[in-house]
Amino acid sequence: MSKTTDHKPDTNKRSWHRKASRPVSGWLVALPIVAIASRWIPQSHWLLVHMVTLGVATTSIMVWGQYFTEAILHNNLTGADRSRQVLRIRLLTVGIVVTCVGIVAAWPWVTVAGAVVVGTVLTWYAFALANQVRHALPGRFDSTVRFYCAAACLLPLGATLGAIMAFSPIEPWRTRLLVAHQALNLLGFVGLTVIGTLITLWPTVLRTTMRPAQERHGTHSLYVMAAAVAVTTAGALCGLWWLTAIGVAAYIVGIGIVLADLVACAVHKPPRDFPGFTMGAAIFWLLVWLVWLVCKLASTGTGLLADDIFTLSVPVIVGFLLQLLIGAMSYLMPMVMGGGPRIVRATNAKMHAFGALRATVTNAGLLLWVLAVGTWTRRIGMVMAVVGLATFLPATAAMVRTGVPMLKEKGRQMAARKAAAEKGETAAAFPGKPAASKASKIPDRSVVAGVTSKTIDPAPIAPTDRRSFVGAFAGLATALTAAAVGNRLDHNDAVSTAAPESSVSPIGHTTTVAITAKGMKYHPSTITVPAGDELVVEVTNKDPNQVHDLHFANGTHSPRLDPGARATVKVGVITDPTEGWCTIVGHKSAGMVLTVTVNGISGATEHNNHSGSANPRRSIDLTKAPGKGFTTRNAVVPALLTGRVHSMALTVEESVQEIAPDTTIAAMTYNGRYMAPVIHARIGDHMRIHLVNNGSMGHSLDFHAGTVSPDDVMRTIAPGQELDYNFTLPRAGIWLYHCSTMPMSAHIAAGMFGAVIVPPHDLPRADREYYLVQSETYLSEHNGGEVNTAKIANETPDLTMFNGHANQYVFAPLTAKVGERVRIWVLAAGPSRGCSFHVVGTQFDTVFKEGAYTLRRGNPEGGGCQALDLSSAQGGFVEMVFEEPGRYTFVNHSFVEMERGARGIIQVTA
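Since we're looking at a predicted model, the values are computed, not measured.

Student: Account for the overall build of the protein chain, with residues named and values stated.
Tutor: Along the backbone of the protein chain there are 23 helices and 27 strands. Within the span of the protein chain, comprising 910 residues, buried residues form 53% of the whole. Put simply, 76% of the contacts in the protein chain that link residues at least 6 apart link residues at least 24 apart. By element, 60% of the accessible surface of the protein chain is carried by carbon and sulfur atoms, the whole surface being about 39100 Å².

Student: Got a sec to walk through empty space enclosed by the protein? Specific residues and values, please.
Tutor: Counted by the stated rule, this structure contains four cavities of 30 Å³ or more. Of the pockets and cavities examined, the largest cavity occupies roughly 220 Å³. What lines the largest cavity is a set of 17 residues, among which Trp64, Val194, Thr197, Leu325 and Ala328 lie closest to the centre. Of all the secondary-structure elements, those providing two or more residues to the lining of the largest cavity are α3 (44–73), α7 (173–206) and α12 (313–337). Split into classes, the residues belonging to the lining of the largest cavity amount to 13 nonpolar, four polar and no charged.

Student: Before we move on, can you summarise the packing of α3 against helix α5 (residues 108–135) with the specific residues and values?
Tutor: It is at 10 Å that the axes of α3 and α5 come closest, and there the two elements cross at 10°. Regarding the angle of α3 to α5, the classification is roughly parallel. Here Leu54, Thr58, Ile61, Met62, Gly65, Gln66, Thr69, Glu70 and Leu73 of α3 lie close against α5, whose contacting residues are Val118, Val121, Leu122, Tyr125, Leu129, Gln132 and Val133. For the contact of α3 with α5, the residue count by class is ten nonpolar, five polar and one charged.

Student: Now, about the pattern of salt bridges: what can you tell me, with residues and values included?
Tutor: One pass over the full model with this rule turns up 20 salt bridges. Among the salt bridges present, the one from arginine 856 reaches aspartate 762, with a minimum N-O distance of 3.5 Å. Residue arginine 856 is found in the loop between β23 (852–855) and β24 (868–870), and its partner aspartate 762 is found in the loop between β16 (753–758) and β17 (768–777); the two are separated by 94 residues along the sequence. A relative accessible area of 43% means that arginine 856 is categorised as partly exposed. Residue classification places aspartate 762 among the partly exposed positions, given a relative accessible area of 45%. Each of the salt bridges in this network shares a partner with another, and the network as a whole consists of Glu769, Arg821, Arg823, Asp845, Arg857 and Glu879.

Student: Pulling in residues and values, what's your account of helix α8 (residues 214–238)?
Tutor: Spanning 25 residues, α8 covers 36 Å between terminal C-alpha atoms, matching the ideal 36 Å at 1.5 Å per step. Of the residues making up α8, those classed as buried are Gln214, Gly218, Thr219, Ser221, Leu222, Met225, Ala228, Val229, Thr232, Thr233, Gly235 and Ala236. Packing partners of the buried residues in α8 comprise α6 (142–165), α7 and α9 (241–268).

Student: Describe the sheet that holds strand β13 (residues 702–703), and please don't skip the residues or the numbers.
Tutor: What the four strands build is an open sheet, ordered β11-β16-β15-β13; its pairing is mixed. Lying at the two open borders of the sheet, with one neighbouring strand each, are β11 (678–680) and β13. Bridge count for β11 against β16 is three bridges, and the pairing is parallel. Residue pairing across strands places valine 678 opposite alanine 755, the latter belonging to β16.

Student: Go over the sheet that holds strand β14 (residues 722–728) with me, naming the residues and quoting the values.
Tutor: Paired through their backbone hydrogen bonds, the strands of a sheet run either parallel or antiparallel. Read from one edge to the other, the open sheet built from four strands follows the order β10-β9-β12-β14, with strand pairing classed as mixed. Every interior strand has two partners, whereas the edge strands, β10 (663–670) and β14, have only one. Between one strand axis and the next, the sheet turns by 25° as a mean value, whatever way the strands run. In this sheet, β14 lies alongside strand β12 (residues 686–693) in antiparallel orientation, the contact comprising seven bridges. Looking at β14, one finds that methionine 687 is bridged to phenylalanine 727.

Student: Give a description of the side chain of threonine 347 that names residues and reports values.
Tutor: Mapped onto the fold, threonine 347 is located in helix α13 (residues 341–351). A distance of 3.1 Å separates the side chain of threonine 347 from the backbone oxygen of valine 344, its partner in a polar contact. Once you skip the residues sitting within four places of it in the chain, threonine 347 turns out to touch Pro334, Met337, Met399 and Gly403.

Student: I'd love a proper account of the packing of α13 against helix α16 (residues 392–422), names of residues and values included.
Tutor: It is the contact of α13 with α16, at a shortest axis distance of 8 Å, that shows an interaxial angle of 160°. Classified by the interaxial angle, the pair formed by α13 and α16 is roughly antiparallel. Judged by the sense of rotation from one axis to the other, the crossing of α13 with α16 is right-handed. In contact with Arg342, Ile343, Ala346, Thr347, Lys350 and Met351 of α13, α16 contributes Phe392, Ala395, Thr396, Ala398, Met399, Thr402, Gly403, Met406, Leu407 and Lys410. For the contact of α13 with α16, the per-class residue count stands at nine nonpolar, four polar and three charged.

Student: Give a description of the side chain of histidine 838 that names residues and reports values.
Tutor: Tracing the backbone through its elements, the reader meets histidine 838 in strand β21 (residues 835–839). Among all residues touching histidine 838, those that are not within four sequence positions of it are Phe844, Gln866, Thr889, Phe890, Val891 and His893.

Student: Pulling in residues and values, what's your account of the pairing of strand β15 (residues 733–738)?
Tutor: Counting buried positions along β15 gives five out of six residues, so the element sits mostly inside the fold. When β13 meets β15, the two strands line up antiparallel, connected through two bridges. Counted as the bridge partner of phenylalanine 703 is tyrosine 737 from β15. Bridge count between β15 and β16: six bridges; the pairing is antiparallel. When the sheet's bridge partners are listed, histidine 738 is paired in β16 with phenylalanine 753.

Student: Outline the environment of alanine 639, supporting the account with residue identities and numerical values.
Tutor: Within the element layout of this structure, alanine 639 appears in the loop between β8 (593–599) and β9 (645–660). Measuring from C-alpha to C-alpha, the distance between alanine 639 and isoleucine 679 comes to 8.9 Å, with 40 residues separating the pair along the chain.

Student: Summarise the packing of aromatic side chains; cite the residues concerned and give the values.
Tutor: Under the counting rule described, the total for this entry stands at 20 aromatic pairs. A centroid spacing of 5.0 Å and a plane angle of 10° characterise the contact between phenylalanine 848 and phenylalanine 877, whose relative ring orientation is stacked. With phenylalanine 848 in strand β22 (residues 846–849) and phenylalanine 877 in strand β25 (residues 875–881), the pair connects residues that are 29 residues apart, well separated along the chain. A single burial state applies to phenylalanine 848 and to phenylalanine 877, both of which are buried.

Student: How would you explain a nonpolar patch on the surface if you had to name every residue and give the values?
Tutor: Together, Val231, Leu240, Trp242 and Ile246 line one region of the surface with nonpolar side chains, adding up to about 370 Å² of accessible area. Among the structural elements, valine 231 can be located in helix α8. For valine 231, a relative accessible area of 32% puts it in the partly exposed group.

Student: Give me unusual backbone geometry: which residues, what numbers.
Tutor: Of note, the bond from methionine 742 into proline 743 is cis; its omega dihedral lies within 30 degrees of zero at -10°. At the junction of glycine 830 and proline 831, the peptide bond is cis and its omega measures out at 20° in the coordinates. Topologically, proline 831 is positioned in the loop between β20 (821–830) and β21. For arginine 207, which is not a glycine, the phi torsion comes out positive at approximately 60°. Note on placement: arginine 207 falls in the loop between α7 and α8. Exposure remark for arginine 207: the relative accessible area of 10% places this residue in the buried category. A positive phi is found at asparagine 671, a non-glycine position, where the angle reads about 65°. Its location among the elements puts asparagine 671 in the loop between β10 and β11. Judged by its relative accessible area of 29%, asparagine 671 falls in the partly exposed class.

Student: Before we move on, can you summarise helix α15 (residues 375–390) with the specific residues and values?
Tutor: Note on helix geometry: an α-helix contains 3.6 residues per turn, so any two residues three or four positions apart are oriented the same way. Under the 1.5 Å per step criterion, the end-to-end length of α15 is 22 Å for 16 residues, consistent within 8% with the ideal 22 Å. Where α15 is concerned, the buried positions are Thr377, Gly381, Met384, Ala385, Gly388 and Leu389. In a view along the axis of α15, the buried residues occupy a sector of 120°, so they form one face of it.

Student: Pulling in residues and values, what's your account of the nonpolar core?
Tutor: Nonpolar side chains in soluble globular proteins tend to be buried together. Leu122, Trp289 and Phe320 are the most contacted members of the largest nonpolar core, which has 115 residues in total. For this core, the element with the highest residue contribution is α7, accounting for 19 residues. Tyr670, Leu691, Leu723 and Leu799 belong to the second-largest nonpolar core, a separate cluster that totals 88 residues.

The rules behind each value
Residues numbered from 1 in each chain as written. Predicted model: local features only at pLDDT ≥ 70, side-chain atom pairs only at ≥ 80, totals over all residues. Heavy atoms only, no water. Helix = DSSP H or I, 4+ residues; strand = E, 2+ residues; numbered from the N terminus. Buried < 20%, exposed > 50% of the residue type's maximum accessible area, 1.4 Å probe, protein only. Contact = heavy atoms within 4.5 Å. Areas by Shrake-Rupley, 256 points an atom, 1.4 Å probe, with all protein chains shown as cover. 1 Å grid on protein atoms, 1.4 Å probe; cavity = no way out; pocket = protein on both sides within 12 Å on 5 of 7 lines; lining within 4 Å. Points joined across faces, edges and corners; volume = space filled by probe spheres on them. Nonpolar A, V, L, I, M, F, W, Y, C, P; charged D, E, K, R; others polar. Axes fitted to C-alpha atoms, helices over the stretch in contact; angles between N-to-C directions. Parallel < 35°, antiparallel > 145°, perpendicular 65-115°, else oblique. Salt bridge = Lys/Arg side-chain N within 4 Å of Asp/Glu carboxyl O. Expected span 1.5 Å × (residues − 1). Pairing = 2+ DSSP bridges. Polar contact = N/O pair within 3.5 Å; in protein donor to acceptor, adjacent residues only side chain to side chain. Left-handed = near helix turned anticlockwise from the far one by under 90°. Phe/Tyr/Trp six-rings, centres within 6.5 Å; stacked < 30°, edge-to-face > 60°. Patch = residues over 30% accessible without salt bridge, like charges linked within 9 Å, V, L, I, M, F, W, Y side chains within 5 Å. Arc of directions from axis to C-beta. Core = buried A, V, L, I, M, F, W, Y, C linked by side-chain atoms within 4.5 Å.

Next comes the structure, spelled out in C-alpha cells:
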C-alpha cells in the first residue's frame, strides 16, 4: 500500500475481519482433532484449555474488541491501522503456537517465550485501543472501551504467572499461581471484556431496547468486577483463601448489578435464535462456576490443591467461554458480511438454522458431562456438547456459500448502475432495482450493532417461536435418549466387572448401618445384610487426627472425611458378599476393611489387605537422563546453621514428582520435594520445628536426632493442623527423620524422610563434603500413582535411589580434584533396605558409623575400608583421597540395589 493510501480511511472492513478471523477458524477446526487424539498427546488437558482460552477466546476478543471499539467511537481507521491489526493477530497466533509447543514438550523456556509474545501483543493491543479513545470525540459508551484496555493489560500479568507455572512449582505455590492465573485471565481479561460488551450487545441480539439505567449499572458493575479481580488475585498469591472467596463473591455481586437489566431485556423480548439461546446459557454456566468456586474456596481452607480447581473446568471453558464466543460470532458474522437487509436475512437464516435444537443439545450434553456419574454417560454428554458447538462450522460454511454469491451479484448490479449513471441512463434500464438515494439507504448494522439504546433491525426475522419450541423439544428428547443409552452402557460395564450374577432379587427393603472409623479399623468391621436389601452405610470418622473414607467394590464411595466428619454411602442392593475399604494410601493394608456378609449366602469375599496387587516391577530405563523439568538435588552438605537455637518450618505437601526418568509418583513431602531438607547443626544446638499439614491425610514427624517423649510431638495431625516439635541435639551422627503416621513404610516410600547431620566435636576439615541418603520405593502400575503397599509387604521395590532420584548423579556427577580429601555422609533411610556403600576405584581411610569411628585416617595398623555397611535407619560417613583423575562410580554394593538405581558418578579432575 502506498504512503498516501495508508493514511486514508479504510472502508473495506469485511476484508479485514476475514483476514483477522482466519486463526479463530483454524483453532476451532483443530480443537476436535486434538480432543480425539488427546490420549496420545502429553499434557492434552492443558493444551486443550489453552487452545480455547488463547487460540479461540483471546484471538476473538482482539478481533471483536476492535470491531466494537470502532462502532462505539465511530472511528475511521486507515489502511496502515488495518495492517497493524492483522500483524498483531498473526503475532498472537505465533505466540500461542509456541506456548502450546512448550506445554506439550514440557519445555518451560519455550512456554516462557510464547507467553512473552502473547503478553507483548496484548499490551500493544491495549495501547492501540487507548490511542483510539484519546483521538475520538467524547461518546456515550467510551467507558466500555477503557475497560477493554484495562482488561487487555491484565492478560500479560496472567501470562507471567502461567510462564512461572511452566517450571512446575511445588505446592502451595502451584495452587496459588493457578488460582491467580485464572483470576487475571478468566475473571479479568475475559470477564471484563465480555460483560462490558454484553451491556450493549445483549439487547441488540434480542432486538430490544436497553433498560433505562443499564448503561450506568454496566459501568458500576465493571468497577466492582475490576476491584474483585484485584482482591481475588492478591488473596490467591498470599494463600488467603478466605480473601480469595470474598473476591470471587464480590465478582458475582458485580455481575449481579447489571444482570438484572440483562434479565429484564430477556423477559421483555425472549431469545428466539441460536445466538440468544447460547449467550444466555453461557452466562448461566459462568455463574455456576463462580458460585462453586466461592463454596470451594470458603470450605477448603488451607488444604486447597490445584487439582481441586480442575473439577468444574468444563463449565467455564466449554459452557461459558466457548459457547459465548460461538453465540456472539453467530450473531455478528452475518452483520459484518453485510450487503443489506435481504442478504443479512438470508445469511442469518443459514447461520441460525436449527438454533434451539443446537443450543439444547449443547447444554443438555454439558449437564450430562458435569453431573453424570457413569463413564459412558459422561462421554456421551461430552460428545453431545462438542457436536452441538461444532455445528457452528457447517453453519458458517452455509452462510458463506449463501452470502458470497449474493454479494457478488449485488456488486455486479451496483457496477452496472454506476456505469449506466455515467452514461446518463436512467434507473428504468434496471427493472426491479430502484436507484439508490439517501432516503432509501439503511445504515449498515455492523456499524451500530450493540451500541444503541434503541435498535432498528434492518433485517427482521420471521417469528420462530414454534420452530424454537419444536427444536428445544427435539433436543431434550435427544438428551434423554442419550442419558438412557449411557445409563444402560454404564450398567452393562458394572455387570461385566462385577461378581457372577446372583439369583437373589431386590426385595424393596433398606438396611441402614452406622459405622465409625478409628484407629485404622471400622467399627464394626463386619456387617450382615439380608439378601436383596438395599444397603446404606452411615460412616463417621472418629479418629482425632486421621482422614479416612469408605469405598465399596461396586464403586460407590464416600468423600474423604476429616476428623469428626460423616457421610452416607448408598451401596445399592446386596445380593452377594462384598467389602469396602479406606483408599488413603496404606490404610487398607493396615486393616481398614469393612466386610459385608449376606444372610443365607456363604462364602464371604476374601479380601487382600494391601492396597493394590503386587504387580510386577516396573520396567524403567535408567540409561536415560532425568526429565527436562527435573532439578538435580545439590548433594553438598549445607553450611552449619548459625547460632545455637534454630527455628524451621516443615510443611506437608502432596504432589506428583519425578523419581527416575519418565517415572513419577504421588509424593508426600516436607517442603515440597521428594526427600525432605538436610539439616546441618552442632552438638547441643536447640531445634524448634513447626509442622504444618497442608496434605490431604494425617501426617507427623519423628526426629531420631532428639531424645523426647513421642506422645505429643510425634502425634499425627489432621489436614490443616499444626504442631511444634522442640528438641536438643545431644550426640553426633547423621540422623533420620520421617513421618511416623501409620503405615510408616508407605509414607517414607512416598518421600517423607530427611536427614540431620551433627558432626563430632573433633571432626577435621575436608576439601569437599557431600551427603547421600538412600531410600527405596514401590510403584503402582501407572505414573503418578500412590506407593504400592502390597509391594512394600512383599519387599519388592522398583527403585533404590540416592537423594530421591534413581540416576541423577550419573548425569550430573559429584566433583573432586586429585589429592583432595572428600567426605561423604551416608544414611540408609529405608523404609526397609540397608546399604553397602562403596566407591569403585578407591578405598576409605576414615569410617564413622553410628556415632563412633571404626577407622581413622593415619591409623597405625595401615588398614583401609572398602564399604560402609548400614542397616535401615543407620548412618555415618566415609573419607577418601583420589590419586588419579577419572570417573569413579559410587554404588550400593548389594548389586540388585545398584541395578535399581543406587549409583552415581564422582568426576575427578587433575
